[in-house]
Amino acid sequence: MNAALYLAQRLSAMVLAFAVTAHLATILYAVRGGLTAGEILARTRHNDAFLFLYVVFVVAVAVHAPIGLRNVINEWTPWRGPLVDRALVGFGGLLFGLGLLAVMAVYQP
Amino acid sequence: MMRASHKEPGFLAALLHRLSGIALAIFLPFHFLALATALNGADALDTFLALTRTPAMKASECVLVAALAMHMTLGLRVLAIEFLPIRERTFATLSACAAAVFAVGLAFLLNVG
Amino acid sequence: MLSVEVWRGTDRGRFQTFAVPRRVNQTVLDVVSEIQREQDPTLSYRFACRVGMCGSCAMVVNGRPRWTCRTRVSESASAKGALRLEPLRNFTVVKDLTVEMTQFFDKWRDAHGHFEPGGAPAQDFAVVEPASPQRQAADAAIECIGCGICYSACEVVAWNKDYLGPAALNRAWTLVNDVRDAARDARLDAVTGEAGCQACHTHMSCTTFCPKGLAPTYSIAGLKRTFLLRAVSRAWGGGR
């Protein structure tokens, strides 16, 4: 990958190291005794700290995943070039959009 | 005959890192869509969550959680090789990563209701 | 008797099997030489020094890239006494066990793997402190003799035709750490990008197989860090 993508990948990875650790810890705690919507929403509804952290999480993922996939596609398939890059930007946009939707769905402003 | 380099732990680490990344990338849009059902109220999300209470789904969730832990630990290994001055002892590092992934998967199975 | 499968042909070809008597302290180079001299003079292979200094005899022995002069049959042959000899991977095969090294050295050049003295002649001897971190970093990577084994072992070289490869990048790292060199910026530009150090995925196959015990993975990591530091300092300096 080129230098700019490399920078974005490593920076988003560092952000994700914290976000994923927190997310995994939350998952392991939250699934005890079964998971219900009520329990999830009780934690996330109108929770500004949650909103901030998870928006950062979504942005980092939307940057990190497409760049990683670009490496896989360029190295393991014959496809490459601007068309592939545009498709991956689209995928990043999809992750960002859906991610924000999910965050908003449980933040419930 | 498999390339000798493909039997080395460094390559295995890179391969697992890549495969878990692909799996997570495929999973994520569905994860977001599932949570987005809450837009229609808590009951809508509960309806979806009810679908996940089968043993097969629990097993899949465990695999996903393990894949996330795997991708993160192996990614941290890459960051360590690139940014820290210590020389890696690959096999020891990978054993630590595998232990962490196993611990996370097990913790999930033990905790999941 | 050893059963030795040898690649014949170019990129397309077949394996030909020879029977070679086992001898005490035999190396794989001894085996190949015996085949070519006693059994089939049309077999093509390379060697020069025979003593592990030149790297000319590098080829793939039972799946592992190594120097045949430094590979004893006793530790490389399979349990059934079989050897499989192939040319180095990721190179175009010229004939049988010899490969075309041009692209390997072209990439060395493209990575600016050569010393640049600069425009003005030096007024005095350069003072290079041997214990300095930069000199130690250069010394740790300087012993490369360009045998191509790391290039053969690297999966990214196989997956990305433009990738400069571990040897060229390793050499560039030694020069980035050479305080006398005048072309640091141009060299960092040369080793950055889709074909440069950022393409390395730390498989560490290069480090695993280097016969001189070098670690191109860490040289390449050094290049990644150096590039990042330069990018940060440029952004910082440009922002002021």
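Look up a bit, the structure's there.
Every chain is numbered on its own, with residues counted from 1 as its sequence reads. Each chain gets a letter, beginning with A, and each ligand a number, beginning with 1, in the order they are written. Where totals are concerned, whole chains, interfaces and linings use all residues; where local detail is concerned, this predicted model gives features only for residues with pLDDT of at least 70, and gives and counts side-chain atom pairs only at 80 or more.

1. Brief notes about the environment of valine 94 of chain C
All names here are of chain C.
1) Next: The helix count covers DSSP runs of H or I at least four residues long, the strand count covers runs of E at least two residues long, and both are numbered beginning at the N terminus. Turning to its location among the elements, valine 94 is positioned in strand β6 (residues 93-95).
2) Next: We classify valine 94 as partly exposed; it has 15 C-beta atoms within 10 Å.
3) Next: For the pair valine 94 and leucine 175, spaced 81 residues apart in sequence, the C-alpha separation works out to 32 Å.
4) Next: Here the contact rule is simple: place C-beta atoms from the backbone, and any two residues whose C-beta atoms are within 7 Å are in contact. If sequence neighbours within four positions are ignored, valine 94 has contacts with Val99 and Glu100. Using C-beta atoms placed from the backbone, we call a residue buried if 20 or more other C-beta atoms fall within 10 Å of its own, exposed if 12 or fewer do, and partly exposed for counts in between.

2. Some points on the sheet that holds strand β5 (residues 82-86) of chain C
Residue and element names in this part refer to chain C.
1) Next: Two strands qualify as a pair provided that DSSP identifies no fewer than 2 bridges between them. Sheet architecture is open: five strands sit in the order β2-β1-β5-β3-β4, paired in mixed fashion. At either end of the open sheet lies a strand with only one pairing partner, and these are β2 (13-20) and β4 (64-67). The average undirected angle you get between the axes of adjacent strands in this sheet is 35°.
2) Next: Structural elements are reduced to axes, namely lines fitted to C-alpha atoms, with helices fitted over the stretch in contact, and the angle between N-to-C directions of any two is expressed from 0 to 180 degrees. Across the sheet, helix α1 (residues 28-39) touches β1 (2-9), β2, β3 (58-61) and β5, and the angle it forms with β2 is around 95°.

3. Regarding the interface of chain B and chain A
1) Next: Facing the 29 residues of chain B at the interface are 29 residues of chain A.
2) Next: Of all the elements in the fold, those that place two or more residues in the side of chain B that touches chain A are α1 (9-36), α2 (42-51), α3 (55-83) and α4 (90-111) of chain B.
3) Next: When residues of the side of chain B that touches chain A are assigned to their parent elements, the largest contribution, ten residues, is made by α1 of chain B.
4) Next: Residues are grouped as follows: nonpolar covers Ala, Val, Leu, Ile, Met, Phe, Trp, Tyr, Cys and Pro; charged covers Asp, Glu, Lys and Arg; every other residue, Gly included, is treated as polar. For the side of chain B that touches chain A, the residue count by class is 23 nonpolar, four polar and two charged.

By themselves, these observations are geometric and do not establish any function.
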